[in-house]
Amino acid sequence: MADALFDLQPDWSGEMVIREAPTAGREWALTYHYARTIPSSSLFYGAFKPDLICVVGVGTGANRHGMAKGLGLDRWKGDLEITRVICHPDAPKNTASQSVAGVMRYVHRQKGAEWLFSYADTAQNHHGGIYQALNALYVGLSNPFTYGYFLDGKRVHQRSVSAMFGTVKWPDAPDAAAAQGQTLTRERDVDKPKHCYILPCSTPAVNRAIRKALQPHIKPYPKRDPA
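The model shown is predicted, which means the values in this text are computed figures rather than measured ones.

Engineer: Provide a residue-level description of the nonpolar core, including the pertinent values.
Structural biologist: Residues V56, I82, V85, V100 and Y131 are the most contacted members of the largest nonpolar core, which totals 27 residues. In terms of residue count, the dominant contributor to this core is helix α3 (residues 95-111) (six residues). Grouped together as the second largest cluster of nonpolar side chains are 14 residues, A68, L73, W76 and I198 included.

Written out as structure tokens, the structure is:
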């Protein structure tokens, strides 16, 4: 039986239009993204041509101030994370980059954001080709999280734990989970570092200023591990 979301021949003959798509975004994230989770802060945007071809999640990062301050970007509005990029399996190869570019423009117009950031998961052998195609700025590998969290045996992000229970402190967080009839555990050093990219999305002048500020941090693009 054909997949419920992909059982009809889509129409992608039109110009790409970006708009909010919370329901479709959640469905695609839970069904087609390898993590099978939805970051608690994410708002999903859809790329329509006129049928949906890609969804992109954007939200606040796990450390809302660390990225901006660590890279000297706190003078510009932004610090929003691209949390999910999920394309229709039959979409053309460049769809992901085009969709992310469209969402960047949309978020700039609607929210005044001047830069976003995203990670490429080395555990999935991702190197960030989507962002390299957009001339994003590569600033190296992130530090792995100290702990990985598991709610009733299912991996959850640190920010999701904080959103659900008001804290990630131990034993406060597992006590709060237990009060709701759930079991929260954690394991040390379960994450691998991730490639980190900065994506300026403002006016040409502001984008140049952001690039200049990031010069001490910019590194050559990584390549996909052929293995």
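Engineer: Residue-level account of the sheet that holds strand β2 (residues 43-48), with values.
Structural biologist: What links the strands of a sheet is backbone hydrogen bonding, and the strands pair in either a parallel or an antiparallel sense. Read across the sheet, seven strands follow the order β1-β2-β3-β4-β5-β10-β6 without closing on themselves; strand pairing throughout is mixed. Two strands close off the open sheet at either side, each with one partner strand: β1 (17-20) and β6 (137-141). Strand-to-strand twist of the sheet, defined as the mean angle between neighbouring strand axes without regard to direction, takes the value 30 degrees. Where strand β4 (residues 80-87) and strand β5 (residues 115-121) come together, three bridges link them in parallel fashion. Counted as the bridge partner of I82 is S118 from β5. In this fold helix α1 (residues 22-32) packs onto β1, β2, β3 (52-60) and β4, with an angle of close to 95 degrees to the strand it touches most, β3.

Engineer: Give a detailed account of the pairing of β6, specifying residues and quantitative values.
Structural biologist: Of all the five residues making up β6, four are buried; the element is thus mostly covered by neighbouring parts of the structure. In this structure, β6 lies alongside strand β10 (residues 194-200), joined through three bridges in antiparallel fashion. Counted as the bridge partner of L141 is H195 from β10.

Parameters at a glance
Residues numbered from 1 in each chain as written. Predicted model: local features only at pLDDT ≥ 70, side-chain atom pairs only at ≥ 80, totals over all residues. Heavy atoms only, no water. Core = buried A, V, L, I, M, F, W, Y, C linked by side-chain atoms within 4.5 Å. Buried < 20%, exposed > 50% of the residue type's maximum accessible area, 1.4 Å probe, protein only. Helix = DSSP H or I, 4+ residues; strand = E, 2+ residues; numbered from the N terminus. Pairing = 2+ DSSP bridges. Axes fitted to C-alpha atoms, helices over the stretch in contact; angles between N-to-C directions. Contact = heavy atoms within 4.5 Å.

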